[in-house]
Amino acid sequence: MAARMDEMRILSPTAILGYGFPAESLGRGMDRRPDVIAVDAGSTDAGPYFLGIQPGSVEQNKLVDFIRTVTTDLRPLLKAAVSSGIPLIIGSAGGAGGNLHLTGISTLVKLIAQQEGLKFRLAMIKAEINPDLVKEKLRQGKVTPLGPVPAIAEGAIDRSVRIVAQMGVEPFMRALEQGAQIIVAGRASDPSMFAALPILNGFNKGLALHMGKILECGAIAADPGSGGDVLFGTVRRDHFLVEPMNPERRCTIKSVAAHSLYEAADPWYLHEPGGMVDLRGVSFMQETDRCVRVSGSLFAADPVYRIKLEAAELVGFRTICIAGIRDPAAIEHLTEMLKAARKGTTRQFSELSPDQWSLHFRIYGKNGVMGPLEPESSPSHDVGLVIEAIASTQEQASSICLFVHAFILHYGFPGRRSTAGNLAFPFSPQDIPMGPVYRFNIYHLMEIDDPLSPFPIEIEEVGNG
Amino acid sequence: MGNRTVTMADLATVIRSKNAGPFLITLDVFFNDEGTFQKIRDAGVITPALIAKTYQIAEMDIHELTFFEPAAALKITLKRWVSSAAPGDTDVFGAQQHVPLMNMSFQLDD
């Protein structure tokens, strides 16, 4: 490496590993001779399901299937990185970034390497946090909620299937220093995998992280936006540039500035492990027709280094039933029917304590999308009902769901003409077992002394032997 | 100068909602042009009280309400009534909670 570089170039192929990208866009990006390819592979967006999966459970197969779907993205990226001699960094492996997810992606990386005859140094960075450490930090008052999150108690820690934490840039920097070419990491802050190499080479932390925040969603920050296309970032000493690699897209001041708001509670500050990027002084300039220049992003370190914890706990098992209602009188009496069904269920399953089961209805065509926030009150002529039963066992949930659908099907409301049945089922069987249900139960910040110690790095030589 | 009633849909090219983490939903409004943005920001018509009324929620459940000059945008962040994918949730990604904001109407000086 040169003594002092003027710029570093980062290629972001896609918003989430598995979303895909055109081969031509990757080719154009590789022609620009990037210094690193980085890609985010996870998020809390899709809910807590993959975070909650127990090792050795039936659901683990679903995770394996899910991980296999990223092969089509992973293969060309591995080949491109190895043939160009640059690092490939994959963060938040397997959607949730636990050890199970990390192993899944690492195994796939090694399988592809074997098939393609690739040789490289692989770093695997774990992000699962020992529950005892969280308990100790909680007792020291070093664990604080992030927003309107339920209060954490030691019980919540014990109930968590696993606890992951978002790593910052430091573990990636250490793996790069150790000569790793392919880095697969557990849960990581989205910008960190893009910012690590520039920061290691002395580039401004505020600029590198802000660029990472824009790059992590692929070409979503372009116009027209796409989660499945390549965005190219170039960081220099006092600014950075972003440009899509597909000539049909452009980055505009508006598309890039707009992205600063995306999925962020507050657009002015980008909170990252160990500090925040202050965007109050940021300026966006149209560099070329398709490229935007950003400057003024400032990093301010926190007095203590804090990492974000995420955990999920098992709520129970879910069975659902989907049905339609067309009879106007049945739609008119629907609220009453559902109330009666709930009452009937309580009576029928009186041996279960109320905390062992719950029943939920989604009424599409009425308030199925917004629930209690729905301002419109008149239902559609064609209503969809999703019956959802959650109980301590799958069998129990299915019994409840069957009871409820049968109850509503044959419920006799006043003035009923359609006495043969109130529901139209699109499927056989009517009741669909959905497996375990999880909820996010920890979403907290935890103070740590060393940004590296919770995230152990394992190095392996792949393709030697 | 007269008053007229406008809806957010009249004033903005993009109105969207999305999770900001599993416990918050964030709403973004990108106004038609810089002039519209400045007019709405300076008119002081977008208040926590109006948002609370629009979503039938308490003002204390509004986590953030800020104008963002670099994108001529408005951001409003609300507490989720149930966390993402927890029992009873209707919108795991939070991507379809923007319509009340789109239809929200208020008085504006001409």
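Heads up: the structure comes first, above all this text.
Engineer: Explain the overall build of chain B to me, please; I cannot follow it from the model alone.
Structural biologist: Along the backbone of chain B there are four helices and six strands. Along chain B, helices and strands appear, N-terminal first, in the series β-α-β-β-α-α-β-β-α-β. The burial tally for chain B puts 43% of its 110 residues in the buried class. Of all intrachain contacts in chain B linking residues separated by at least 6 positions in sequence, the fraction that spans at least 24 positions is 60%.

Engineer: Any chance you could explain the overall build of chain A here in plain terms?
Structural biologist: A tally of helices and strands in chain A yields 14 helices and 19 strands. Here the C-alpha radius of gyration of chain A, 25 Å, is about what a compact globule of 465 residues would show, namely 23 Å.

Engineer: Honestly, the packing of helix 1 (residues 23-31) of chain A against helix 4 (residues 71-84) of chain A in this entry has me stumped. Any pointers?
Structural biologist: When two helices pack together, their arrangement is given by the angle between their axes and by how far apart the axes lie. Residue and element names in this part refer to chain A. Running from N to C, helix 1 and helix 4 cross one another at 20 degrees; their axes reach a closest spacing of 12 Å. The angle between helix 1 and helix 4 falls in the class roughly parallel. Note that helix 1 runs across helix 4; the crossing there is right-handed. Across the interface between the two elements, A23, L26 and M30 from helix 1 touch P76, A80 and S84 from helix 4.

Engineer: Teacher, can you tell me more about the sheet that holds strand 11 (residues 275-278) of chain A here?
Structural biologist: Pairing between the strands of a sheet is mediated by backbone hydrogen bonds and can be parallel or antiparallel. Residues and elements named next belong to chain A. Taken in spatial order, the three strands line up as 10-11-14 in an open sheet, and their pairing is antiparallel. Two strands in the sheet have a free side with no partner beyond their single neighbour: strand 10 (269-272) and strand 14 (298-301). Here the strands of the sheet are splayed against their neighbours by 25 degrees on average, with no regard to which way each runs. Bridge count between strand 11 and strand 14: four bridges; the pairing is antiparallel. Following the sheet pairing, V277 is matched in strand 14 by F299.

Engineer: Would you explain the sheet that holds strand 8 (residues 231-236) of chain A in this entry?
Structural biologist: All names here are of chain A. Pairing is mixed across the open sheet formed by 10 strands, whose spatial order is 12-13-9-8-1-2-3-7-4-19. This sheet does not close on itself; its edge strands, each paired only once, are strand 12 (283-288) and strand 19 (457-462). The sheet shows a mean angle of 20 degrees between the axes of neighbouring strands, direction not considered. Both strand 4 (residues 120-125) and strand 19 contribute to a ladder of six bridges, which runs antiparallel. By the bridge assignment for strand 19, A123 is matched with I459.

Engineer: Please clarify how the interface of chain A and chain B should be interpreted in this entry.
Structural biologist: Bring the parts together and some accessible area is lost; that lost area is often taken as the interface size. Taken together, the contact pairs 36 residues of chain A with 36 residues of chain B. For the side of chain A that touches chain B, the secondary structure elements donating two or more residues are helix 11 (253-259), strand 16 (357-364) and strand 18 (431-448) of chain A. Per-element tally for the side of chain A that touches chain B: the top contributor is strand 18 of chain A, with four residues. When the residues that make up the side of chain A that touches chain B are grouped by side-chain class, the tally is 22 nonpolar, eight polar and six charged.

Engineer: Looking at this structure, how should I read unusual backbone geometry?
Structural biologist: Most peptide bonds adopt trans geometry, and most residues besides glycine take a negative phi value. Residues and elements named next belong to chain A. The omega torsion of the bond from D223 to P224 falls at -5 degrees, within 30 degrees of zero and hence cis. Locating P224 in the fold gives a position in the loop between helix 10 (205-215) and strand 8. Following S428, the chain continues into P429 via a peptide bond in cis, with omega recorded as 0 degrees. Within the element layout of this structure, P429 appears in the loop between helix 14 (394-409) and strand 18. At E263, a position not held by glycine, the phi torsion is positive, near 60 degrees. Within the element layout of this structure, E263 appears in the loop between helix 11 and strand 10.

Engineer: Whenever I open this one, the pairing of strand 15 (residues 305-325) of chain A confuses me. Can you help?
Structural biologist: Two faces belong to every sheet, and in a regular strand the side chains alternate between them. All names here are of chain A. Summarising burial for strand 15: 16 of the 21 residues are buried, a large majority. In the sheet, strand 6 (residues 160-165) pairs with strand 15 via five bridges, with the strands oriented antiparallel. Bridging across to strand 15, S160 finds its partner in E313. The pairing of strand 15 with strand 17 (residues 383-391) spans nine bridges and is antiparallel. Following the sheet pairing, I322 is matched in strand 17 by V386.

Thresholds, definitions, all that
Residues numbered from 1 in each chain as written. Chains lettered and ligands numbered in written order. Predicted model: local features only at pLDDT ≥ 70, side-chain atom pairs only at ≥ 80, totals over all residues. Helix = DSSP H or I, 4+ residues; strand = E, 2+ residues; numbered from the N terminus. Buried ≥ 20, exposed ≤ 12 C-beta atoms within 10 Å, placed from the backbone. Contact = placed C-beta atoms within 7 Å. Rg over C-alpha atoms; globule rule 2.2 N^0.38 Å. Axes fitted to C-alpha atoms, helices over the stretch in contact; angles between N-to-C directions. Parallel < 35°, antiparallel > 145°, perpendicular 65-115°, else oblique. Left-handed = near helix turned anticlockwise from the far one by under 90°. Pairing = 2+ DSSP bridges. Nonpolar A, V, L, I, M, F, W, Y, C, P; charged D, E, K, R; others polar.

Coordinates in, geometry out; function isn't part of it.
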